[in-house]
Each structure stands twice: as C-alpha cells, then as structure tokens.
Amino acid sequence: MDLRRENLLERIRASGAQLILVQAPAGYGKSSLLRQLAAEEEAAGGRVAWITPVSQDSDLSRFVQMFVGAAERLVEESGGEYTGARRDIPGLVAAIKGSALLLLDEYDQFADGQADALLERIIEALPPGKRIAVATRAVPDIASARLKLSGRAIMLGSVDLRFDLGEAYQFLAERCRLGLEEVRRLHRRIDGWPAALQFINLSLSSTKQGSATALRSGMTHEVVDYLAQEVFSAQSKETREAMLAICLADRLCGELVDHRLGGKTGGVLLNRLCDEGLFLDPVDGDKHWFRFHPLFGDFLRAQLKQEISAEALADRHAHKAEWFAAAGMNEVAISHYLAAGHTEKAAECLEQVADQLVREERLGLLVSLLEQLGLEIVQARPKLLDAAIIAYGFRRQFAKAHNLLNLCEAALAETDADAVQRAELEVLRIFVLAAEDRVAEMGERARDAEKWLTEDQPFSKAVAFNAFAFWLGTQSQFPEAHDLLLRAVPLHEKAQNYFGRSYADSIHASLKLSEGELGEAIDHLRRALREIDMEAPAGILAGSVVAAHLGEALYERNNLVEAEQVISAYLPLIQQQSIVDPLCLGVVTLARMAALKGKSEYAHELYEYLISSGHKYGLARLVNCGRAELVREATLHGDFETAERRLRALGADARLPTEGQLIFVSGELEAQRITYARFLVHSGRHAEARAVLQAEIRTASVKRRVRRLIRLKTLLAISLEMDRQLAHARRVMIEAVELAAPGRMQRIFLDEGSAAIRMLNHLASENFATAPQWAEDDVAQYVKTLVKLGEGGSIGTDDKGDDREMAIEGPSESLTPREIDILHFLAKGHSNRDLADRLSVSQNTVKFHLRNIFAKLDAGNRMQAVQAARHFKLID
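Computed from a predicted structure; not experimentally measured. (Residues numbered from 1 in each chain as written. Predicted model: local features only at pLDDT ≥ 70, side-chain atom pairs only at ≥ 80, totals over all residues. Heavy atoms only, no water.)

### Here we look at the overall build of the protein
The number of helices and strands found in the protein is 46 helices and seven strands. The buried share of the protein, taken over its 876 residues, is 60%. For the protein, the proportion of contacts with a sequence separation of at least 24, taken over those separated by at least 6, is 66%. (Helix = DSSP H or I, 4+ residues; strand = E, 2+ residues; numbered from the N terminus. Buried < 20%, exposed > 50% of the residue type's maximum accessible area, 1.4 Å probe, protein only. Contact = heavy atoms within 4.5 Å.)

### Focus on the nonpolar core
One finds Phe63, Phe67, Ile132, Leu350 and Phe749 to be the most contacted residues of the largest nonpolar core, which totals 247 residues. Ignoring sequence-local partners within four residues, the contact set of phenylalanine 63 consists of Leu104, Tyr107, Phe110, Ala115, Leu118, Leu119 and Ile122. In this structure, Ile20, Leu33, Ala38 and Trp50 belong to the second largest nonpolar core, which totals 26 residues. (Core = buried A, V, L, I, M, F, W, Y, C linked by side-chain atoms within 4.5 Å.)

### Remarks on helix α22 (residues 382–394)
Since the α-helix packs 3.6 residues into each turn, any two residues three or four apart lie on the same face. Look at α22: 18 Å from first C-alpha to last across 13 residues, which is about the 18 Å you get at 1.5 Å a residue. Taken together, the buried positions of α22 are Leu384, Leu385, Ala387, Ala388, Ile389, Ile390, Ala391, Tyr392, Gly393 and Phe394. Following α22 by one or two positions, arginine 396 adopts a phi angle in the positive range, close to 65°. (Expected span 1.5 Å × (residues − 1).)

### Observations regarding unusual backbone geometry
Its identity is not glycine, yet serine 476 carries a phi of approximately 65°, on the positive side. Here serine 476 lies in the loop between α26 (458–474) and α27 (478–495). Positive phi outside glycine occurs at arginine 744, with the angle close to 55°. Mapped onto the elements of the fold, arginine 744 is located in the loop between α39 (726–740) and α40 (747–750).

### Here we look at the confidence of the model for the protein
Confidence along the protein averages 85 in pLDDT terms, with 89% of residues attaining 70 or more. Residue range residues 207–219 is modelled with pLDDT below 50. Its contacts to residues more than four positions away, or to other chains, number 28 contacts. Between residues 793–812, whose pLDDT stays under 50, and residues either more than four places distant or in other chains, the model counts 54 contacts. (pLDDT = per-residue confidence, 0-100.)

### Some thoughts on helix α3 (residues 60–78)
Taking 1.5 Å per residue as the helical rise, α3 with its 19 residues ought to reach 27 Å, and the 27 Å between its terminal C-alpha atoms agrees with that figure. Glycine 79 lies just past α3 and shows a positive phi near 80°.

### A few points about the packing of helix α28 (residues 498–514) against helix α29 (residues 518–535)
Contact geometry for α28 and α29: axes closest at 8 Å, N-to-C directions at 170°. Taken together, the axes of α28 and α29 lie roughly antiparallel to each other. For the pair α28 and α29, the contacting residues are Tyr498, Arg501, Ser502, Asp505, Ser506, His508, Ala509, Lys512 and Leu513 in the first and Leu518, Glu520, Ala521, His524, Leu525, Ala528, Glu531, Ile532 and Glu535 in the second. Taken together, the residues of the contact of α28 with α29 break down into eight nonpolar, four polar and six charged. (Axes fitted to C-alpha atoms, helices over the stretch in contact; angles between N-to-C directions. Parallel < 35°, antiparallel > 145°, perpendicular 65-115°, else oblique. Nonpolar A, V, L, I, M, F, W, Y, C, P; charged D, E, K, R; others polar.)

### Some details on the pattern of salt bridges
When charged atoms on two side chains of opposite charge get close, those side chains can pair. Counting across every chain of the model gives 55 salt bridges. Of the charged contacts, one joins glutamate 426 and arginine 445 as a salt bridge, the two residues approaching to 2.7 Å between their closest N and O atoms. Taken together, the residues glutamate 426 in helix α24 (residues 419–436) and arginine 445 in helix α25 (residues 439–450) connect sequence positions 19 residues apart. Of the charged contacts, one joins glutamate 517 and lysine 512 as a salt bridge, the two residues approaching to 3.3 Å between their closest N and O atoms. For glutamate 517, a relative accessible area of 30% puts it in the partly exposed group. Residue lysine 512 is classed as buried on the basis of its relative accessible area, which comes to 14%. Sharing partners across several salt bridges, the network here consists of Arg592, Glu629, Arg632, Glu670, Arg678, Arg711, Arg747, Asp751 and Glu752. (Salt bridge = Lys/Arg side-chain N within 4 Å of Asp/Glu carboxyl O.)

Following this line, the structure appears as structure tokens:
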C-alpha cells in the first residue's frame, strides 16, 4: 500500500519541470512515486503511457520500439494526427493532443549509452504540456544538471525519497499503533528507507515482534532479509506457496500464474498481493503485468532455492519457458530454458527468432544469448552461426566474428561444399569486412560470390550486390554500380532486409551526388526514408543510414533547417550503426552546422567523437575524417600554425594523389587530398597548390566526379586570384559555377569562406556590367543566389527563408567568429602579444587576422576597426 508522497508531488508541481528524474537504489519507492504521478496526470485529464523494460530490452533499437509504440498510442487516444517519420520521437510526442506524461521505469535496463543520447534529444524537444518521468538506479548521461539549472528538470535522489519523520509516523502509527517516540527511534535507525518501513509495517502487523530487536543494529541488507523472512512467515501457507511458485519470472500476468498454479484465478491473486502491500507492483497502467520488488523478489528466489532441489528448480524454469514460448515471448523463454540447463531447447527457440533479432537490430541481446549458449552449440547450428557472425561484426567485435568465420571455413574444407555454400559464407564475411571498412577486400569477395548466388537466396545475393556496387562506386564505375543497385532493391524487399535496402538507396544517392545530380539524390533519399519509416519496424537503425546521407545532401543545398532536423532526429542511431561513411557524413554535417551557429565547442566534441571512435575500433577513416575537419577549420580561420600541426597528425595519406586510390563519398570533398590543397592555397604556397590541384582535376575529370571537380576548381580559382592571375582565376571559377548550377549546389562555395564569396562577387559584377544579356542566363541567376547568400555571411541561410541565427551580418564581407573575437579584445585595448596569448597563436597569425579585419571593415587602424564593428553591431 503506497503512502501518498504529497511533499514530493508538490515539489514536482511547483517546479513546472518537464523532466522528473528519480534516481536511487532499490527500495526507495521510485516506482510508487511514478504511479502517483500517473494518477495525478490522469485525474487532471492528461494522457499517461508506461515504458518498463525487462532484462531482454537492453538494445537501443528496443528502446526506440517501446517509446514509439507508447507515443503512437497516446497520439491515437488523444485524437492527434502525425504523418512524419515514426522514428522522429519528438515529433510524435508533439502530436499528442493535450497534456501527457510518459513514464520510464527501470530505465537502467537500457544499458546502451546511446539510449541516453536519444533520451536527451527527446527531452530537449519536449513541447509545453508534455512531461517525461524517469526512474532509475544509475544516473543517465542526459545533461540533467543543465536542464535543472534552466528550470526544465527536477532531480530527486535517495535523500529526497526517504520518508521524513512525519511520513514515517503517518505510515506506521495507524497500522502498527506505535507512538511518536517509537517511530522516531525506528526512523533514525533506518534513515527513512521506504522499503524498510514497509518491511517493519508488515512485520509488526503480524504476531511476531522480532523486528524491534533486529533494528537495534541499524538497517542493513541482512536485516532486510531477516524482516523479509518475518513478513513471509506471517502469511498463510497458501500465500507463501503461491509466492514461491511464481517468483522466478521477471514479469507476471494472470495467465502465467494460471499456467503455473492451475485454475483461473491468477489475476485475482496478483491483485490481492498488490493490494496487501506484499511487494508486488504493477508495471503498466492496465495492471496486466506485475513484478516483485527487487529486494523481496531476491529474497523469495533465495528462499525457493533453499526449499526445493536443483532439479525441481530447473523444472520450474522449464515450465515457465514453455509458457513464454507458447505466448510468442521467445527471448524470455530462452532465458528460462538457459536457467533450467536446457541449452538445446534454448538453442531451438533462439533459432526461431535469430533472423528477427538481426532484422530488428537487437544485436546486444542476440550476442548475450549466444554467449550463454556457448560456442559448441552455436557452431553446430548454421542459422545461429550466421546470426552470430553478423551480430559480432556489427557490434564491432571483429576478432570474435573472424574466429567464427574461420571455423566455418575449416568446416567447409572438410566437406564437399559446393560453390553456392562457399558464396554464402563469403557474404557473411562481407558483413564483417564492411564494418571493418576493408572495402577493397569486401568488394572483391562480393564480386566473386555474386556469380554463384541466385534469386532463390535473395538476402545473400542482394548483400553481395550492395558490397560490389559500393566498391565499384569508390572506383568511379558509376553506371555499373547503379545497375547492380537496381537489381539489389527487389531482392532486399523480398528478403525483408530493411538495412540492406537502406544501404542500396544510400549508395545510389551518394553516387548521384558525386556525379553532380544533387536534386535527384535528395528526391531519392527522401523517398527512401519515407518508405523505410512506413514499412520497417520502429526500432531498427536502417533509417539512420539514409538520414545521414539525406542530411548531408540537404546541407549541400543549403537547406540547413531540414538538414539539422533530419540528422538530429537520427543521430543516436547514426552513431550506433557500424559503417564508416554514414557516420562521417552525419557527424561532420551536424558539426559544420553547429560551427555556423557559433557552437564551436559542440563541433569540436563531434570531431573528437569521430577521432576517438576511430581509434577505439581501428577505423582509420573515422580518425582522418575528424582530423581533416579540424585542419579545415584552422586553415579557413587563418591559423596556419595550428593547421600545419593538425595536418601532420592527419598523416601522409591525406597528401597522396587519389589516382589509383579508392575515393569515398565521405572523403572526396575533404580528407582525400583536398584538405592538404586548401592549406597550401591559404598559406600562400600557390605553385605547390596548383600542381596538386591540377593533377586532381585531371583525375576527377576522367572519373566524372563532378562534385569533387567543383571543389577542386573552386580552390584553384582562389589560388589564382590570390596570386593575382585574375583573368585565369575567373575563367576557372566560371567553370566551377557552370558545373554546380544544374544541381544547385551552394555549400560547396559558401564553405570556402570569404575568398570564394569575394570571387563570386567579382564574377557577378564584372559579367553583369560588361555583358548584360548574361544576366538572363540560368547560371547567372544561380550566381546571384550565391552572391546574395554570401552577402548575408558566408555561413549562409536556409533556402526556405531567412535563418537569422545562422547569419553574421556585416559590411561587404563577413567576418569569421575568430575575427569577431579579436574585435572584442581590440575594443578592450589588448596588444598583439595579449591577443596571441589569449588565442594561443603566434603574433604573426594575429597580424594576419588584423589585416583581414581592416580590409573587410575598410579601416586603417585598430580604432577605426572598432568603430566600424560597433557601427555594424558586430560588438557592443
């Protein structure tokens, strides 16, 4: 029986918080408080949904599945409408009509840290009237302190949840007829621990009075066990037998109790135990599923082990496993079969759901169950072995995956395996090689395996097509790659392989973008994301692959608002999936948009995430991607000492010609030699820069990599212009613009900063002045758009309207965030030496920045620069 926690409820009401975080060990009444919150919400006319995981629900995909299901139910019940992506949980929550409370009980069951990142994003986007209450034993990493400071969160810990003396007296006096002094002594000894009070209540209510003696030494877990024994012993023989009969399962319902005890009164028993306060609580709003409190449940299970033999205990687990299997709850059934020692039955059960767990990407659970079965049993069952290889590969446990592959290869060598069987094994190896980013080996094996597979093996053949097409794309064999992908899509659909389908769509769009067909790429990705969202289970990560590519394509079109929405909605899922390119694209695009908003610290966090993840999993391209972005940033800010230091860390591969190399979608515009070329250009080494750029332009032209060609020509034009070869520079810039105009690419120019914007301005003004008829040309209109964006700040605006938060307004040329920082210091009278110390750069770099500032503000000295900056409201 719950004591109403009026003080806590009042604190929550007064706070107006949208996040109620309740964190404490077992026995502090977290779930009881959530139930009272739920009752208040329903009494006020709001909607309530419970999300309570079990031990089989640790995967991020399961968290998404459960949250989406709860939010969709509330949308439907409230009469709301939602037509967006099902995995856009903030959008779903916003579509709930009226007020709503979503309760996440036992949140710590979601062991994956990515669930914290997703929960934080959901909380950040909560609209008014929507609240989330989280009960957990461990503090989640969701920036709760910052949310608390902003007034959006209230955090309650074990100190808050303890009963005060008044609550303890209220709880015990009526039930046990204790006086105030007796309650005071008990309260002091147990320090207000709610579970202990309930044990005392039940113990003192019985005929036994041993609790007073036991409490003299204070409240320890040993004392809890002692009191639990008293509470247990005080029950009737029928109740004791019933509790021991049903205590093994993590979750209980009436049907399961009927199966164990016989008869049809299981629901009545559960409700009676709940009403009598015997540590059995509902885990949902419908009171269909219940659970024993962890402290009392542990006691009951220990008691059961003492009272029955190991064989009888195993029989009970097996009995429960059979019920769960018959009810379609195979994951729970497997756990009980394992506890019963029935590993063969557990393996049979897992075989039935292994494909589903792979499709739903519940790979953490799959790996856990496989390891409990043991290698010998897994190895003897091909379906489990296949699932294990895929799971280990995509969980980045590469050594274990290769060990299983080698065992398979050795087994095939001892048999008369035909070519098809060997091709099937190669497809499994392809999964692991793809996750390891061993693209050349993956592509070669896919090419060889595909020849032996037929459409009767749709899953394997489609995966081989994907890998082969990706490899061909890195070699710029675009027509051949597109043809393979067109053949792969219907096979993925036939096999219900949503992840494979998403990769086929993403590869196809990325190749189109490399060919300069940005509009077609965006249309294809939007359609793919919509189809996956409509057809695929809510928890799978497949949409994240498409979202990463779509966000980057939208960014190129300068549709910054939609790009950020798409990537942010899927970021935790993007980070969870294993393939390098989507991860690089999604994280880098989000980081660049953060930098445009002046959030450089967050951008650096994202780059460091790529670098640390690359080191952690041995994925060099992740490291290079993050480091290249840091070089780019320092170069464009004119901090060449830092840029050169970072370039050395990037390694020699970034300086090598791409002729003969594989070219990746995530590296073709940056890491693969362009970072180096840009550094040469801006540091004034123009002869070296042009030698590099002209060689790369020839390669990109031959390979028909239009998007890369635009970037290279833009950098070449900037170098020529800086070297005072103005006529040549403008011819090259016109070539770049003409290549980009059909796809309406924008960031490819805007991201090169003031040098590119200056050239576009000169190009437009010269051509408009000398050839008025050119003003009617489609390319000219495109240049006008770029110039207008450049005048608003090289960081740009969204093509759906002004995004003033992203634009730094200035005079004729925009100032970088670093230059504006310097202006603030100038206004305070700091010397060049002071500036160098504060910015951690050399005095020469400071002088370089000052020259740029004076030129952009048309100022002759520091005082004039400060006056102009104040006039343009760049500084206070």
